[in-house]
Amino acid sequence: MVKYMILGQEVIFSDEEVIFCFYETAKRETDDEVMRAFAKWYLECKDVETVLDNYLDKAIELVLEYSSTPLFNALPSIGIYDVSESEFREKCIDLTCVKESYDELLEIYNDIVTQQEAEHAYREMRKMARGKFVGGGFGLGAALKGMATAGLMNAAAGAVHSIGNAIGNVNSDMEAENLKKELYCQKETFVALLVGIQLNISEHFRMYIDFLSQRAGRRIYFEFDEDKSDALFRNAINIPEKRNFLLVEALKMNPWNHDLYEYIFRNFPDEKENIIEIGQEYGIDLKDSIEGNQEDVGVDEL
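Numbers given to residues run from 1 along each chain, matching the order in which its sequence is written. It should be noted that, the model being predicted, local features are given only for residues of pLDDT at least 70 and side-chain atom pairs only at 80 or more, the latter also being counted only at that level, while totals for whole chains, interfaces and linings use all residues. The side-chain figures draw on all heavy atoms in the structure; neither hydrogens nor water molecules are used.

1. Quick look at unusual backbone geometry
At step 1: One non-glycine residue, leucine 7, adopts positive backbone phi at about 55 degrees.
At step 2: Under the scheme used here, helices are H or I runs from DSSP no shorter than 4 residues and strands are E runs no shorter than 2 residues, and both carry numbers assigned from the N terminus. On the secondary structure map, leucine 7 appears in the loop between strand S1 (2-6) and strand S2 (9-13).
At step 3: Unlike most non-glycine residues, lysine 46 shows phi in positive territory, near 75 degrees.
At step 4: Its location among the elements puts lysine 46 in the loop between helix H1 (15-45) and helix H2 (48-74).

Structure follows, in structure tokens:
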């Protein structure tokens, strides 16, 4: 159990809540690290084909690097010595969200390729089924000559058809390539793939907490609620006579609410040391506030 004093009130978190908060804080910090690593990799891919060819491997690599491996390595420090890495991965890793993100991108990409191939097939069918010239003339000699002329005309017509099809295919390919490029460049593609990884890492942490709960024989949980915390924070700003009470309640509901820490730091000078100390426990960086690089915000200005 831990206790904090802030705004003349006591904030108490149980042992179970402390453990949960520790891993939730680690997960939130991991999200930022994963985003940077994935963004670097994504930019290096340069096209959607490279992304599709390597995304699943990269996703697994990031999940292992930023959650599975450090969480597994931490087991001895919390008194768990009898779990192998393979057993741990089986119990705590789920790549469903990664696979879903990949499948959605692949489906869109395949739609582009299918349309491109359909355009090729259609033009090839037209090329094969075009009308043929028939040789004409009078008499055998004339017939042979006419046939020869028809052959030349057919050949010439074939060349024209081939050029026409080539131009058509270039247009179709250009359109398809533009769509592929757009698919790679649009922010939504990057975000969807990143979120797939982050969701799986979040699920990994959740499964890890469940695993620890089973081993400890007690439930490790923290019923934080970001929406309620935001509502309490907003009402604290709007209702001066209840401000201190509501701010502390908002903190209890979500100890990762950066705006809340920022507000208390700037508007309650006597609480600066306390709020910095609490913030450090939950990965809240108040460096900008400490250095005074941001504009001061008055109590009644928000």
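2. Quick look at H2
At step 1: In this scheme, a helix's expected span is set at 1.5 Å multiplied by one less than its residue total. Under the 1.5 Å per step criterion, the end-to-end length of H2 is 37 Å for 27 residues, consistent within 8% with the ideal 39 Å.
At step 2: The quantity called bend is, for any residue, the angle between two axes fitted respectively to the seven residues ending at it and the seven beginning at it. At asparagine 54, H2 is deflected by roughly 55 degrees, the largest bend along its length.
At step 3: For H2, the N-terminal capping position is held by aspartate 47, with its side-chain oxygen 3.2 Å away from the main-chain nitrogen of glutamate 49. Whenever a nitrogen or oxygen atom comes within 3.5 Å of another N or O atom, the pair is scored as a polar contact, on the condition that within protein one atom can donate a hydrogen and the other can accept it, and that pairs from neighbouring residues in sequence are kept only if both atoms are in side chains.

3. Quick look at the side chain of asparagine 267
At step 1: Mapped onto the secondary structure, asparagine 267 falls in helix H9 (residues 258-267).
At step 2: Of note is the side chain of asparagine 267, whose polar atom sits 2.9 Å from the backbone oxygen of tyrosine 263.

4. With respect to the environment of arginine 219
At step 1: Turning to its location among the elements, arginine 219 is positioned in the loop between helix H6 (187-216) and helix H7 (226-238).
At step 2: It is 9.6 Å that separates the C-alpha atoms of arginine 219 and glutamate 17, two residues lying 202 residues apart in sequence.

5. Some words on H1
At step 1: Relative to the 45 Å expected for 31 residues at 1.5 Å per residue, H1 spans 45 Å between its end C-alpha atoms, a close match to the ideal helical length.
At step 2: Positive phi appears at lysine 46, one or two residues downstream of H1, with a value of about 75 degrees.

6. Regarding the packing of H2 against H6
At step 1: Their axes nearest at 10 Å, the elements H2 and H6 cross at an angle of 25 degrees. The angle between H2 and H6 places the two elements in the roughly parallel class. Seen from above, H2 lies across H6 with right-handed handedness. For the pair H2 and H6, the contacting residues are Val51, Tyr55, Ala59, Leu62, Val63, Ser67, Ser68, Leu71 and Ala74 in the first and Leu193, Gly196, Ile197, Ile201, His204, Phe205 and Tyr208 in the second.
At step 2: Three residue categories are used. Nonpolar comprises Ala, Val, Leu, Ile, Met, Phe, Trp, Tyr, Cys and Pro, charged comprises Asp, Glu, Lys and Arg, and polar comprises the others, including Gly. Of the residues belonging to the contact of H2 with H6, the class tally is 12 nonpolar, 4 polar and no charged. Helix axes are fitted to C-alpha atoms over the stretch in contact, other axes to C-alpha atoms as well, and angles between N-to-C directions run from 0 to 180 degrees. Our angle categories are set so that under 35 degrees counts as roughly parallel, over 145 as roughly antiparallel, 65 to 115 as roughly perpendicular, and the remainder as oblique. Left-handed describes a crossing whose near helix is turned anticlockwise from the far helix by less than a right angle; the clockwise case is right-handed. We call two residues contacting when some pair of their heavy atoms lies within 4.5 Å.

7. What about the pairing of S2?
At step 1: The two faces of S2 differ: Gln9, Val11 and Phe13 on one face are buried, but Glu10 and Ile12 on the other face are not.
At step 2: In this analysis, strands are considered paired if DSSP registers two or more bridges between them. Pairing geometry for S1 and S2, over 5 bridges, is antiparallel. By the bridge assignment for S2, tyrosine 4 is matched with valine 11.
At step 3: The loop that links S1 with its antiparallel partner S2 comprises 2 residues; one of these, leucine 7, has a positive phi angle of about 55 degrees. Each residue is placed in one exposure class: buried if its accessible area under a 1.4 Å probe, protein chains only, is under 20% of its type's maximum, exposed if it is over 50%, and partly exposed if it falls in between.

8. Here we look at the packing of aromatic side chains
At step 1: Only Phe, Tyr and Trp rings are paired, with Trp represented by its six-membered ring, and only when their centres lie within 6.5 Å; those with planes under 30 degrees apart are stacked, over 60 edge-to-face, the remainder tilted. All told, the structure shown has 15 aromatic pairs when counted by the stated rule.
At step 2: Ring centres of tyrosine 4 and phenylalanine 13 lie 6.3 Å apart, and the angle between their planes is 75 degrees; this geometry places the pair in the edge-to-face category. Taken as a pair, tyrosine 4 and phenylalanine 13 share a single burial class, namely buried.
At step 3: The structure contains a cluster of three or more aromatic residues connected by ring pairs, namely Phe38, Trp41, Tyr42, Tyr55, Tyr102, Tyr184 and Phe190.
At step 4: When the NZ atom of lysine or the CZ atom of arginine is within 6 Å of a ring's centre and also within 35 degrees of its normal, the charge is said to sit over that ring. Its guanidinium or amino end placed over the ring of phenylalanine 265, lysine 272 lies 4.9 Å from that ring's centre, counting from NZ or CZ.

9. Things to note about the packing of H9 against helix H10 (residues 272-281)
At step 1: At a closest axis distance of 8 Å, the pairing of H9 and H10 adopts a crossing angle of 160 degrees. By the criterion of interaxial angle, the relationship of H9 to H10 is roughly antiparallel. Read as a crossing pair, H9 and H10 show a hand that is left-handed. Judged by residue contacts, Tyr261, Ile264 and Phe265 of H9 engage Lys272, Ile275, Ile276, Ile278 and Gly279 from H10.

10. Here we look at the nonpolar core
At step 1: By convention a nonpolar core is built from buried Ala, Val, Leu, Ile, Met, Phe, Trp, Tyr and Cys residues, the set being connected through side-chain atoms within 4.5 Å. If you look at the biggest cluster of nonpolar residues, it comprises 69 residues, and the most contacted ones within it are Phe38, Tyr55 and Ile197.
At step 2: Setting aside residues no more than four positions away along its own chain, isoleucine 197 makes contact with Val34, Phe38, Tyr55, Ala59, Leu62, Val63 and Val98.

11. Some points on the pattern of salt bridges
Opposite charge on two side chains permits them to pair, given that their charged atoms come into close proximity.
At step 1: Salt bridges, as used here, are contacts in which a Lys or Arg side-chain nitrogen is within 4 Å of a carboxyl oxygen on Asp or Glu. Summed over the entire model, instances satisfying the criterion amount to 10 salt bridges.
At step 2: Here lysine 180 ties to glutamate 177 by a salt bridge, and the two come within 3.2 Å at their closest N and O atoms. A residue pair is termed a helical-turn pair when its members lie 3 or 4 positions apart in one helix, as lysine 180 and glutamate 177 do in helix H5 (residues 139-185) at 3 residues.
At step 3: Taking relative accessible area as the criterion, lysine 180 reaches 8% and is therefore assigned buried.
At step 4: Take glutamate 177: its relative accessible area is 39%, and that puts it in the partly exposed class.
At step 5: The closest approach of N and O atoms between arginine 266 and glutamate 262, which form a salt bridge, is 2.9 Å.

The analysis is restricted to geometry; functional conclusions fall outside its scope.
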